[in-house]
Amino acid sequence: MQLYKTQNLIVYNSLTSTKEPFQPINEGHVGMYVCGPTVYSNVHLGNCRTFMSFDMIFRYLRHLGYKVRYVRNITDAGHLEDDLDEGEDKIAKKARLEQIEPMEVVQRYTVDFHNILQKFNFLPPSIEPTATGHIIEQIEIIKDILDKGYAYEINGSVYFDVKKFNEAFEYGKLSGRKLEDMISNTRELTAQDEKKSPQDFALWKKAEPQHIMRWPSPWGDGFPGWHLECTAMSTKYLGERFDIHGGGMDLKFPHHECEIAQAEASNGQAPVKYWLHANMLTLNGKKMAKSTGNNILPDEIFSGDNTILSKAFSPSVVRFFMMQAHYTSILDLSNEALLASEKGYQRLMEAVNDLNKLNTDSTSDFDVKAWKQKCYDAMNDDFNTPILIANLFEGVKHINLIKEGKEKISSEDLRLLNESMTGFVFDVLGLENKNDSGKDMEKLTGVVDLLIKLRNEARANKDFGTSDKIRDQLAALGIQLKDSKEGTTFSMSG
Ligand SMILES: [Zn+2]
């Protein structure tokens, strides 16, 4: 029997702002759509956290025995620099600045995105569609919305008529905004604006002659609005109504609100049963932003090549750190927090490794069954990974007591403990038991520190032949030394 029949999962639905029992539309099957990255730069660590939250949710739903179709798109066109349908396409801008084809930008950063996610041990989604691969579907939806009277064409662009939509449906229900308030709080339209109202949004934008990313349409050459691709791809692969739509909190408005409006205008029904939103990641208490320098890339954490952290941290440690917070809470990344997570991760892995070495007895002092259900209860409560991890450490405590001979466990309970521990640690949380992340890394750091010391002694003795040899041969191994007033530090690539 599938686990979902005995485990009662409850999810926090952003649409109703309440926790609701999770009952998929078709029993045993789950359709889940998550807004993917716009591939015009290296994937942001904050975005990694969002995608990791949904990777964990995908893993747990599968663990419960659901057949999950997980669709996560790649935005490779149509995402403009601001949310007001103005500015340049983010990908086209990067291509113009670097004098390369837009699809070269897309290819480069799609590869980067996949590389980083693989390092973090993500499961691939069932389908990963692209916006440019679904232009025809997007044009069909625009035609449909125009036919139904919820959009208008002007000068080769098509806009969604929010006021008209709000008369028949309700615009703003996901973000809890009222159209009247939005209207009184926004600027007046200027003379060059084509829209009837500032709340209207583009379904199709006319391409100016210099715009490289363009497709033919009934309204002339142009490109689709950003919100439309998600409606087109989710409808195509999951149907007009599906179970879960996920994304970052920042996408709730306007992106997800517009998705709901487009789908309702076109199909007449709400597209999504459960809206799930993941919260953001801050760095040293502040919002991460490239412009302020308060920013770090995943690879800079793995290599240690950064000015924010004291050492390198493995992807599994970073993953463990992220899983220690609930996906709807803000999480702050700092050196201290990562150091603490690294210790916790190592303690957990040591206990998992010890599981195979424990002696068994005829009876147990540890109620494994009750403990196991506590682990499920945590995950069933809107995927509460921090509580799950607290329970796993309860398990670690018992493993250590059994190892020291202070507690007993039966062979049947040990089998159950082993199965549950590894199931939650590896299948659900997606952690990896890698040697290079813990003690081996410590040893390597010790060896490099020793070589740095020897190099400093050589330099003090004016033996530059030896000091250069140490630096160059370490560089050949991918270990870079950096000299500064405070001393010599190193970073590793690859
Ligand atoms: Zn989307």
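Values in this document were obtained by computation on a predicted structure and should not be read as measured data.

Before going further, it helps to examine the overall build of the protein chain. The helix and strand tally for the protein chain stands at 16 helices and 15 strands. Once the C-alpha set of the protein chain is aligned to its principal axes, its extents read approximately 75 × 70 × 35 Å. Burial analysis of the protein chain (494 residues in total) assigns 41% to the buried set. The contacts of the protein chain with a sequence gap of at least 6 include a subset with a gap of at least 24, amounting to 73%.

Our focus in this paragraph is the packing of helix α7 (residues 226-238) against helix α8 (residues 252-267). To characterise two packed helices, one gives the angle between the axes of the helices and the distance between these axes. Between α7 and α8, the least distance of the axes is 9 Å, while the angle of their chain directions is 55 degrees. The orientation of α7 with respect to α8, classified from their angle, is oblique. At the point where α7 passes α8, the crossing takes the right-handed sense. In this structure, α7 contributes His227, Leu228, Cys230, Thr231 and Thr235 to the contact, and α8 contributes His255, Cys258, Glu259, Gln262 and Ala263. Residue composition of the contact of α7 with α8, grouped by class: four nonpolar, five polar and one charged.

A few words now on the sheet that holds strand β13 (residues 331-333). The three strands lie next to each other as β12-β11-β13, forming an open sheet whose pairing is mixed. Edge positions in the sheet fall to β12 (286-287) and β13, since each has one partner strand and no second. Relative to β12, strand β11 (residues 281-283) runs antiparallel, the two sharing two bridges. Looking at the pairing, Leu283 lines up with Lys286 of β12.

Counting residues in hydrophobic clusters, the biggest one holds 121 residues, and the most contacted among them are Ile142, Ile145, Ala151, Phe160 and Leu203. Counting residues per element, this core draws most heavily on helix α1 (residues 45-63), at 10 residues. Taken together, domain 1 (3-278) and domain 2 (282-436) each give at least three residues to this core, which thus spans both. Those residues in contact with Ile142 that lie beyond four places of it in its chain are Ala151, Val158, Leu203 and Trp204.

Okay, the domain arrangement of the protein chain next. Interfaces are often sized by the accessible area lost when the parts come together. Domain boundaries assigned for the protein chain yield domain 1 (3-278), domain 2 (282-436) and domain 3 (438-492). With centres defined by C-alpha atoms, the gap from domain 1 to domain 2 works out at 33 Å. Between domain 1 and domain 2, the residue contacts involve 26 residues of the former and 25 residues of the latter. Breaking the side of domain 1 that touches domain 2 down by element, the ones donating at least two residues are β1 (10-13), α1 and α3 (102-119). It is α1 that contributes the most residues to the side of domain 1 that touches domain 2, 12 residues altogether.

This part covers α3. Between the first and last C-alpha of α3 there are 26 Å, a value that for 18 residues agrees with the 26 Å anticipated at 1.5 Å per step. Among the residues of α3, Pro102, Val105, Val106, Tyr109, Phe113, Ile116 and Leu117 are the ones counted as buried. Axial view of α3: buried residues confined to an arc of 105 degrees, hence all on one face. Of the residues in α3, the exposed ones pointing more than 90 degrees away from the buried face are Val111 and Gln118. Where the residues of α3 are buried, they touch α1, α2 (90-98) and α9 (298-303). Asn121 occupies a position one or two residues after α3 and carries a positive phi of about 65 degrees.

Once that is clear, we can look at the pairing of β1. Examined bridge by bridge, β1 and strand β2 (residues 18-21) share four bridges and lie antiparallel to one another. By the bridge assignment, Ile10 is partnered in β2 with Pro21. In textbook terms, the turn of a hairpin is the stretch between consecutive antiparallel strands, and for β1 and β2 this stretch comprises four residues, one of which, Ser17, has a positive phi near 55 degrees.

A separate point is the packing of α2 against α3. One can describe the packing of α2 onto α3 by two numbers: an axis separation of 8 Å at closest approach and a directional angle of 105 degrees. It follows that α2 is roughly perpendicular to α3 by the angle criterion. Between α2 and α3, the residues in contact are Ile91, Ala92, Lys94 and Ala95 and Pro102, Val105 and Val106, respectively. Of the residues contributing to the contact of α2 with α3, the split by class is six nonpolar, no polar and one charged.

Let us look at the environment of Ala460. With respect to the helices and strands, the residue Ala460 is situated in helix α15 (residues 439-460). Judged by the 9 C-beta atoms lying within 10 Å of it, Ala460 falls in the exposed class. Linking Ala460 and Asn267, residues 193 residues apart in sequence, is a C-alpha distance of 77 Å.

What the four strands build is an open sheet, ordered β5-β6-β7-β8; its pairing is antiparallel. Edge positions in the open sheet fall to β5 (151-154) and β8 (222-224), since each of these has one partner strand only. Going from strand to strand, the sheet's axes swing by 20 degrees on average, the running direction of each strand aside. Pairing of strand β6 (residues 157-160) with strand β7 (residues 201-206) involves three bridges; the strand directions are antiparallel. Along β7, the bridge assignment pairs Tyr159 with Ala202. Each of β5, β6, β7 and β8 is contacted by helix α4 (residues 135-147), which is oriented at about 105 degrees to β5, the strand it contacts most.

So, on to unusual backbone geometry. Residue Pro254 is reached from Phe253 by a cis peptide bond, and omega for that bond is 0 degrees. The residue Gln99 is not glycine, and still its phi comes out positive at about 55 degrees. By the secondary structure assignment, Gln99 is in the loop between α2 and α3. Although it is not a glycine, Asn284 sits at a positive phi angle of roughly 50 degrees. Judged by C-beta crowding, with 14 C-beta atoms within 10 Å, Asn284 ranks as partly exposed.

Definitions and cut-offs
Counting starts from 1 at the beginning of each chain's written sequence and moves along it residue by residue. In view of the model being predicted, local features appear only for residues whose pLDDT reaches at least 70, and side-chain atom pairs are presented and counted only at 80 or more, with totals across whole chains, interfaces and linings using the full set of residues. Helix numbering and strand numbering both begin at the N terminus, where a helix is a DSSP run of H or I of at least 4 residues and a strand a DSSP run of E of at least 2. Exposed residues have 12 or fewer other C-beta atoms within 10 Å of their own C-beta, buried residues have 20 or more, and residues in between are partly exposed; the C-beta atoms are placed from the backbone. Whether two residues are in contact depends on their C-beta atoms, placed from the backbone: they are in contact if these lie within 7 Å. The axes are straight lines fitted to the C-alpha atoms, using for helices just the contacting stretch, and the angles between their N-to-C directions are given from 0 to 180°. Throughout, the term roughly parallel applies to angles under 35 degrees, roughly antiparallel to angles over 145, roughly perpendicular to angles from 65 to 115, and oblique to all others. Crossing handedness: left-handed means the near helix sits turned counterclockwise from the far one by under a right angle, and right-handed means the same turn made clockwise. Residues are grouped as follows: Ala, Val, Leu, Ile, Met, Phe, Trp, Tyr, Cys and Pro are nonpolar; Asp, Glu, Lys and Arg are charged; every other residue, Gly included, is polar. By this definition, two strands are paired if DSSP reports at least two bridges between them. One nonpolar core equals one set of buried Ala, Val, Leu, Ile, Met, Phe, Trp, Tyr and Cys residues connected by C-beta atoms within 7 Å. How far each domain reaches was decided by an automatic or database domain assignment. Given a helix with a known number of residues, its expected span is that number minus one, times 1.5 Å. Throughout, the arc means that of the directions going from the helix axis to the C-beta atoms.

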